[in-house]
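Examination of the molecular architecture
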Amino acid sequence: MDLPVVVGVDGSEPGLRAVDWAADEAALRGVPLRLVYASLWERYEGAALAQDLGRTSEQILADKIVDAAVRRAHRRRPDVKVEAEVVPDGPVPALVTEARRASVLVLGARGRGGIAELLLGSVSLAVAAHAHCPVIVLRGSHDLRAQPGAQGRVLLGVGEEARSSAAVRFAFQEAERRSAVLEAVRAWRCPRHETAEHPLLAGGPARTHEQRAAETLEAALNEVAAEHPSVQLHRRTAEGTARKVLLDASATADLLVVGARRQSGFFGLQLGRVAHTALHHSACPVAVVPQPA
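Residues numbered from 1 in each chain as written. Predicted model: local features only at pLDDT ≥ 70, side-chain atom pairs only at ≥ 80, totals over all residues. Heavy atoms only, no water.

**Focus on the overall build of the chain**
A count of helical and extended segments in the chain gives 11 helices and 10 strands. Each of the 293 residues in the chain was classed as buried or not, and the buried ones make up 48%. For the chain, long-range pairs separated by at least 24 residues make up 80% of all intrachain contacts whose partners lie at least 6 apart in sequence. Carbon together with sulfur atoms contributes 51% to the accessible area of the chain, which is approximately 14,500 Å² in total. (Helix = DSSP H or I, 4+ residues; strand = E, 2+ residues; numbered from the N terminus. Buried < 20%, exposed > 50% of the residue type's maximum accessible area, 1.4 Å probe, protein only. Contact = heavy atoms within 4.5 Å. Areas by Shrake-Rupley, 256 points an atom, 1.4 Å probe, with all protein chains shown as cover.)

Structure, rendered in structure tokens:
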């Protein structure tokens, strides 16, 4: 059974734009679209009490939000099968649970203004950190189309442990679906102490670090590239921190793909500094892809 694309809805304009992206993503993948609205009222008051009191304002609001999102999805992609559900839970646990049965989870970066906007921003961050499927958070000012992309370019940040990583495979698949160029970037830096004592040899250590970056890039990409011969691949090394290099490059990309390592402990999947920074500051949507243990 094909796993659906799941999108979290909240009635906000960013949430509705997330529905657009998710509908396009479902069409690209040929899978159903599932809309989820998390509502805590029934969880705290109880289903029996809700039935005794009749339809509450909270229930009416939830139905209106879901109905608007369903209509938006149908207008965007009439050919995509759409289902929707109001889940009696908080947004983070509800969406993390949904991620176990999703091919990809799509979220808006922000929600409905003011304090709610900040809270929904934290929801996106928490879900991206703990979900068991790739999570796309719609950052940036692009028109949020999935096909065709405004830039025709998927950007992949290649880290230290990228060989055969889930993020690399996801990036190739997304570029192939969109008929987009895949730009794979590996950042490098030469530690200051390696050049400070030998100013006349400053270029030597830098070339060594750049060469290592190029080798890491090749090792990460070669196997997966052979499986996707139709993808136009651009490999690039760049001097600087990974965070700065990727943020700068995100200005001309449709999607930035970064990986997240699974770590043991209570908090489960953790976001590294690069993924965390990208979710806060990227100029384009960000896909956070968990690496299975």
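**Description of the confidence of the model for the chain**
Of all residues in the chain, 76% attain a pLDDT of 70 or more, and the chain-wide mean is 82. Note that residues 41–50 has pLDDT below 50 and, in this model, 12 contacts with residues that lie over four places away or in other chains. Note that pLDDT drops below 50 for residues 111–120; the model gives that stretch 16 contacts with residues more than four away or on any other chain. (pLDDT = per-residue confidence, 0-100.)

**A look at unusual backbone geometry**
Its identity is not glycine, yet Ser179 carries a phi of approximately 55°, on the positive side. One can find Ser179 in the loop between helix 7 (166–178) and strand 7 (181–188). Classification of Ser179 by relative accessible area gives exposed; the value is 70%.

**So, the pairing of strand 6 (residues 153–157)**
The element strand 6 is extensively covered by neighbouring structure, given that five of its five residues are classed as buried. Both faces of strand 6 are covered, namely the face carrying Arg153, Leu155 and Gly157 and the face carrying Val154 and Leu156. Direction of pairing for strand 6 relative to strand 7: parallel, over a ladder of five bridges. When the sheet's bridge partners are listed, Leu155 is paired in strand 7 with Glu183. Where strand 6 meets strand 9 (residues 255–261), three bridges bridge the pair, whose relative direction is parallel. (Pairing = 2+ DSSP bridges.)

**Regarding the pattern of salt bridges**
A full pass over the atoms with the stated rule returns 19 salt bridges. Taking the shortest distance from any N to any O, the salt bridge between Arg178 and Glu25 comes out at 3.0 Å. Taken as a pair, Arg178 in helix 7 and Glu25 in helix 1 (residues 13–29) lie far apart in primary sequence, 153 residues in all. Pair check on accessibility: Arg178 and Glu25 agree, each one buried. (Salt bridge = Lys/Arg side-chain N within 4 Å of Asp/Glu carboxyl O.)

**Considering the nonpolar core**
Counting residues in hydrophobic clusters, the biggest one holds 49 residues, and the most contacted among them are Leu33 and Val257. Among the elements that line this core, the one with the most residues is helix 1, at seven residues. Every residue in contact with Val257, bar those within four places of it in the chain, is listed here: Val154, Leu155, Leu156, Gly157, Ala167, Phe170, Ala171, Ala287 and Val289. Ala99, Ala128, Val135 and Ala278 belong to the second-largest nonpolar core, a separate cluster that totals 36 residues. (Core = buried A, V, L, I, M, F, W, Y, C linked by side-chain atoms within 4.5 Å.)

**With respect to the side chain of Glu98**
Mapped onto the elements, Glu98 comes out in helix 5 (residues 91–99). Note on Glu98: relative accessible area 4%, which makes it buried. What Glu98 contacts, discounting residues up to four positions off in sequence, is Val6, Arg34, Val36 and Val87.

**Observations concerning helix 1**
Helix length check: helix 1 (17 residues) gives 24 Å between terminal C-alpha atoms against 24 Å at 1.5 Å per residue, within 8%. Burial analysis of helix 1 places 14 of its 17 residues in the buried class, which makes it a mostly covered element. Its side-chain oxygen at 3.0 Å from the backbone nitrogen of Gly15, Ser12 defines the N-terminal cap of helix 1. Looking one or two residues past helix 1, Gly30 carries a phi angle of roughly 70°, positive in sign. (Expected span 1.5 Å × (residues − 1). Polar contact = N/O pair within 3.5 Å; in protein donor to acceptor, adjacent residues only side chain to side chain.)

**Observations concerning the packing of helix 10 (residues 242–249) against helix 11 (residues 273–281)**
In contact at an axis separation of 9 Å, helix 10 and helix 11 are set at 35° when each is read in the N-to-C sense. Every pair of crossing elements has a handedness; the one defined by helix 10 and helix 11 is right-handed. Residue-level inspection shows Ala242, Arg243, Leu246 and Leu247 of helix 10 in contact with helix 11, the latter providing Arg273, Val274, Thr277, Ala278 and His281. Taken together, the residues of the contact of helix 10 with helix 11 sort by class into five nonpolar, two polar and two charged. (Axes fitted to C-alpha atoms, helices over the stretch in contact; angles between N-to-C directions. Left-handed = near helix turned anticlockwise from the far one by under 90°. Nonpolar A, V, L, I, M, F, W, Y, C, P; charged D, E, K, R; others polar.)

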